Amino acid sequence: MKSKIMTMNKAIDEFIKDGDVVYLGGFIQHEPYAAVHEIIRQGKKELTVSKSAGMIALDQVIGAGCASRIITTYVWNPLPRPAHALRRSIEKGIPHRIQIEEYSILSLTLSYFAGALDLPFVASKTLLGSDLMECSGFLGENKLRIIESPFNGEKVCLIPPLKHDVGIIQVQRADSTGNAQAWGLIGDSKYGINSCSKVIICAEEIVDTEVIKKDPNRTIIPGFKVSAVVEEPWGAHPSYVSGYYDMDWRFFSFYDKATETLEGFEDYLKEWVYGVEDRSGYMKKIGKKNIGELRPKPWSGNAVDYGYCHKHQEDYLL
Amino acid sequence: MKYSADYTPIEMMIVAGSREIEDGQVLMVGTQWPIITTMFAKKTHAPDITICYEGGVVLDSIPDRIPLFTGDPCIASHSVFLNDSLDTLGMILHAGYPDIVFLPAANVDKYGNVNTTCFGDYSKPKYRLGGSGGACDFGCLGKRVITMLEHEKLRFPESVDFITTPGYLKGSDSREKAGLPSGTGPSAVITTLGIFRFDRDTKEMYLDASYPGVSTEEVKEGFQWNIKVSDNLKVVDPPTQEDIRVLREEIDPFGMYLKGNKAKRISTL
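Residues numbered from 1 in each chain as written. Chains lettered and ligands numbered in written order. Predicted model: local features only at pLDDT ≥ 70, side-chain atom pairs only at ≥ 80, totals over all residues. Heavy atoms only, no water.

## Some points on the sheet that holds strand 12 (residues 194-198) of chain B
All names here are of chain B.
Part 1 of the argument: If you trace the 10 strands from one edge of the open sheet to the other, you get 4-3-2-1-5-10-11-12-13-14, paired in mixed fashion. Both outer strands of the open sheet, strand 4 (79-82) and strand 14 (228-235), are each paired with one neighbouring strand and no more. Ignoring strand direction, the axes of neighbouring strands in this sheet form an average angle of 20°.
Part 2 of the argument: Bridge analysis of strand 3 (residues 57-59) against strand 4 gives three bridges, and the strand direction is antiparallel. Pairing of V58 across the sheet is with F81, part of strand 4. (Pairing = 2+ DSSP bridges. Helix = DSSP H or I, 4+ residues; strand = E, 2+ residues; numbered from the N terminus. Axes fitted to C-alpha atoms, helices over the stretch in contact; angles between N-to-C directions.)

As structure tokens, this is what we get:
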């Protein structure tokens, strides 16, 4: 298959259009911050951004004015403190009031699952009784429905499928055709990224397909569904990628304090997003010392074995 | 066994929470206080508990640094099962396996409903909080939901502005009428002032047990409504000296949860 490797700049320019419904993958780890920053630099507008759970990626697309709508389960900053750009937007309409559609993690993951399988809906017992069921945003009546189960009459919550124009995730490794491998905490990522018409894979490493084939259980999306592959080491900083780098707790503290005011948020963007050309420029600012401190101590096991025996099949044909 | 004479209200809350756990149980655990409470239980009287987190984690051992939240990078290498949210919130929680579900909260009301969404009107909130995460799923589906939070009056309105996580809704049978599975719902609210449970019929929260040295008046002062008090009010034992040693030296040696200035950073408000 043809290589889909390209720069982040080209991938975002080519595959994300203003007004798109965009899925941001990653559940705490695997968050595509390098891609989010490129979306902001390119000034994408009117996006509907969907993300189940994570840190400050949504806060940044809200504050930078790229998103007009978000679909999520929470925007904390990152420990359980409300994110500042989200608060400014929803409480005061600064810089503009975004529309929000909220679910719980299970229901939103089921919605991605339904989108990925192209199911008409899935049914669940979660959300019943919650005001998340009562209050809807831009999806209105299409957010959720309650019906009586045709099987036993009990009340069930129907969750519609959520599909995305484009999905982006940062993973451990991928080959040039987009077979993408991720491990560690997965959350909603496998269902989310498979519910997207176009997929941008950002990988810590590009590896040979032979490496992928030595452990294919790790592949969360097959290459044929992928549009672009970007080699982007440290693309999930300040969040983490298991085995590659730890969370940069200090950076989250810094972001929390720095973005408390609108001016502070704009200064953050000027310095860390607009002020750098790409992720390698960003990591230069983070600095070698900090980078060194974020490298994890190894925790690798024995390679798994997928071997089989050729001979038996011949016996079967005799 | 010697009781400690030197413990904080937070430490009392953690120890009280851990006493709700029996060894061998399966626990679905939310972020913040539930993390340190269940780690402490596993280190002391309940070594065989299984701890599950929303992102796809099943832990059977205590990480060498205390997780600051349920997505902490240290969790992956201490898991016996690590997959996705449909595994833990679906095939474990929705399927009804957890014996106890532990939740943090910003706000809890008279019927155990939890708000982590907003203060004021949802469409134009005075103060916007982060949102549900998996909390709503925990509260909808948990057989025995235990909520833990610092006791401040502003956290206990008679009725929350937004029900993120259903408790007993409007009391009596309103939870079952809403369609939530029978046998699920709040079991206790454990705070820095006492242990609260729910009336079997009305489902209203009442003070079931107070902590040593905390008066009933002080507890009542911590609510925006007139909280009922059990006719059979108990006083819990304080933490033992060993409890406090294990908490401070083994579970949280850097005081991420236990030292005031650091703990402020993990507060929901």
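Here the narrative resumes, following the displayed structure.
## Considering the environment of K220 of chain B
Part 1 of the argument: With respect to the helices, strands and loops of the structure, K220 of chain B is situated in helix 6 (residues 216-221).
Part 2 of the argument: In the structure, K220 of chain B is positioned 67 residues away from K153 of chain B in sequence and 9.5 Å away in space, judged by C-alpha atoms.

## Digging into the packing of helix 5 (residues 105-117) of chain A against helix 3 (residues 85-94) of chain B
Part 1 of the argument: Viewed as axis vectors pointing N to C, helix 5 of chain A and helix 3 of chain B meet at an angle of 115°, and their least axial separation amounts to 10 Å. Here helix 5 of chain A and helix 3 of chain B pass one another in a crossing that is left-handed. Where helix 5 of chain A abuts helix 3 of chain B, its residues I105, L106, T109, L110 and F113 of chain A lie against S85, L86, L89, G90 and H94 of chain B.
Part 2 of the argument: Among the residues forming the contact of helix 5 of chain A with helix 3 of chain B, the class breakdown is six nonpolar, four polar and no charged. (Left-handed = near helix turned anticlockwise from the far one by under 90°. Contact = heavy atoms within 4.5 Å. Nonpolar A, V, L, I, M, F, W, Y, C, P; charged D, E, K, R; others polar.)

## With respect to the interface of chain B and chain A
Part 1 of the argument: Facing 57 residues of chain B, the contacting portion of chain A comprises 51 residues.
Part 2 of the argument: Counting each side, the surface lost to burial between chain B and chain A is near 4,300 Å², with a carbon and sulfur contribution of 62%.
Part 3 of the argument: Broken down residue by residue, the surface that chain B buries against chain A is led by F69, L86 and R128 of chain B, which jointly contribute 15%.
Part 4 of the argument: Linking chain B to chain A there are three salt bridges.
Part 5 of the argument: As a salt-bridge pair, E102 of chain A and R128 of chain B come within 2.6 Å of each other at their nearest N and O atoms.
Part 6 of the argument: One can count 25 residue pairs in polar contact (both at pLDDT 80 or more) joining chain B with chain A.
Part 7 of the argument: For the side of chain B that touches chain A, the secondary-structure elements that each account for two or more residues are helix 3, strand 9 (127-128) and helix 4 (135-141) of chain B. (Buried area = accessible area lost by both parts, 1.4 Å probe. Salt bridge = Lys/Arg side-chain N within 4 Å of Asp/Glu carboxyl O. Polar contact = N/O pair within 3.5 Å; in protein donor to acceptor, adjacent residues only side chain to side chain.)

## Points about the pairing of strand 14 of chain B
All names here are of chain B.
Part 1 of the argument: Bridge count for strand 13 (residues 205-210) against strand 14 is four bridges, and the pairing is parallel. Residue pairing in the sheet places S210 in a bridge with V235 of strand 14.
Part 2 of the argument: Following the chain from strand 13 across helix 6 to the adjacent parallel strand 14, one finds a crossover that is right-handed. (Right-handed = clockwise from strand over helix to strand, strands pointing away.)

## Re the side chain of T37 of chain B
All names here are of chain B.
Part 1 of the argument: Structurally, the position occupied by T37 is in helix 2 (residues 33-43).
Part 2 of the argument: Look at T37 and you get buried, because its relative accessible area is 0%.
Part 3 of the argument: At 2.8 Å, the side chain of T37 and the backbone oxygen of W33 are in polar contact.
Part 4 of the argument: The contact partners of T37, leaving out residues within four places of it in the chain, are I14, G17, S18, F102 and M148. (Buried < 20%, exposed > 50% of the residue type's maximum accessible area, 1.4 Å probe, protein only.)

## Topic: the environment of Y111 of chain B
Residue and element names in this part refer to chain B.
Part 1 of the argument: Along the chain, the position of Y111 falls in the loop between strand 6 (107-108) and strand 7 (114-115).
Part 2 of the argument: Taking the C-alpha atoms as reference, Y111 lies 6.1 Å from K203; in sequence the two are 92 residues apart.
Part 3 of the argument: Among all residues touching Y111, those that are not within four sequence positions of it are G167, Y168, L169, K170, G171, P186, F198, T202, K203 and E204.

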